[in-house]
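# Descriptive analysis of the structure
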Amino acid sequence: MKEQIQKLKKEKNAVILTHYYAPAEAQEVADYVGDSFYLAKIAKKSTADIIVFCGVSFMGESAKILNPDKKVLMPELTADCPMAHMVSPGLIQKMREKYEDLAVVCYINSTAELKCQSDVCVTSSNAIKIVRALPNKNIFFIPDRNLGRYVAEQVPEKNIIINNGYCPIHAAITKRALLELKDKHPSAPILIHPECESELLEIADYIGSTAEIIDYAAKSEQSEFIICTEDGVEYKLEKDNPEKKFYFPSPRPCCGDMKLNTLSSIYSVLKYETNEVHVSEDVRLKAQRPLDRMLELGR
Ligand code: 13P
Ligand code: SF4
């Protein structure tokens with residue numbers, strides 16, 4: 001099947017973009033593997049006719065918004081991120097009425113409709129930089145409370161109001177599980193994703209996006225690490241660092257939606273060109289603005 005996928009990619013001038021949380025088999029056949037920011041940048045400058053996005057729906061949608069003329073296919077259209085829906089549009093309106101100079105900062109893990117109501121998008125690897133660069137004092141950070149809290153701590157000069165959304169996978173990791181792991185491996189630093197709860201971030205040695213965690217582990221001279229994020233990153237960590245050890249909290253954080261990107265579903269969408277992502281032109285034009293602003297400010 002892998003050979004067939006490579007053949008179809010050439011024939012159709014297609015590229016496969018895969019997030020680090022997708023299964024190893026989806027990372028193996030990908031042309032580009034990365035975190036949300038990297039993949040958005042790649043999607044924006046792609047010259048392929050077809051983009052197969054192995055991720056969840058907000059990623060395929062963002063690729064389509066940035067590339068209206070390309071065919072964007074998703075191996076599984078039901079792969080969705082629950083956090084992407086965790087804001088009430090009415091609340092955004094209320095905040096806008098309350099603060100005259102409000103900037104709505106929208107984590108890229110959000111629906112296209114929510115992006116339409118936002119001033120700028122961010123990802124976990126550029127949120128601090130972008131919020132700092134905004135001229136606005138008052139910020140409404142949607143939808144993730146944990147990334148929002150982390151950014152608020154790092155940018156104390158802003159008044160950051162935080163929406164109460166969260167990633168169910170990262171929020172389920174407990175401090176107890178992390179401390180148990182630390183007890184077993186006292187010299188292993190804790191590398192954590194900012195979608196985790198703040199009491200976990202407090203005991204971590206390094207906080208970063210998936211790509212930043214992978215990069216940190218590769219550059220570090222230490223030989224073992226506690227990895228506090230979704231377990232799809234294990235594939236790249238082990239591939240690049242066969243001599244190092246990586247421990248995940250128990251139960252292992254696993255995003256079922258990301259894992260829907262199987263080899264057979266990739267093959268099928270590439271062959272039959274099914275599961276195309278559609279975004280209405282009205283929504284696309286409004287949602288493109290905060291995404292373009294992110295690409296500009298995040299450079
Ligand atoms: P990053 O890709 O920015 O690390 O975010 C993780 C995530 O949850 C994507 O769904
Ligand atoms: Fe959404 Fe969490 Fe899955 Fe990322 S890991 S796609 S934030 S549910």
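Everything below is about the structure printed above this text.
This structure is a prediction, so every number in the text was calculated from the model and none was measured. (Residues numbered from 1 in each chain as written. Chains lettered and ligands numbered in written order. Predicted model: local features only at pLDDT ≥ 70, side-chain atom pairs only at ≥ 80, totals over all residues. Heavy atoms only, no water.)

### Remarks on the packing of helix H3 (residues 36–45) against helix H15 (residues 281–297)
Relative orientation of the contacting elements H3 and H15 amounts to 105 degrees, with a least axis distance of 11 Å. As far as their axial angle goes, H15 and H3 are roughly perpendicular. Along its contact with H3, which presents Phe-37, Ala-40, Lys-41 and Lys-44, the element H15 presents Gln-288, Asp-292, Met-294 and Leu-295. Among the residues making up the contact of H3 with H15, the classes are represented as 4 nonpolar, 1 polar and 3 charged. (Axes fitted to C-alpha atoms, helices over the stretch in contact; angles between N-to-C directions. Helix = DSSP H or I, 4+ residues; strand = E, 2+ residues; numbered from the N terminus. Parallel < 35°, antiparallel > 145°, perpendicular 65-115°, else oblique. Contact = heavy atoms within 4.5 Å. Nonpolar A, V, L, I, M, F, W, Y, C, P; charged D, E, K, R; others polar.)

### A look at the pattern of salt bridges
A complete count under the given rule lists 18 salt bridges for this structure. Note that Arg-284 is salt-bridged to Glu-281, the shortest N-O span being 2.9 Å. Placement of both Arg-284 and Glu-281 in helix H15 is noted, with a separation of 3 residues, approximately one turn of the helix. With a relative accessible area of 45%, Glu-281 lands in the partly exposed category. Here Arg-299 and Glu-296 are joined by a salt bridge, their closest N and O atoms 2.9 Å apart. Overall, Arg-299 belongs to the exposed group, its relative accessible area being 69%. Classification of Glu-296 as partly exposed rests on a relative accessible area of 48%. (Salt bridge = Lys/Arg side-chain N within 4 Å of Asp/Glu carboxyl O. Buried < 20%, exposed > 50% of the residue type's maximum accessible area, 1.4 Å probe, protein only.)

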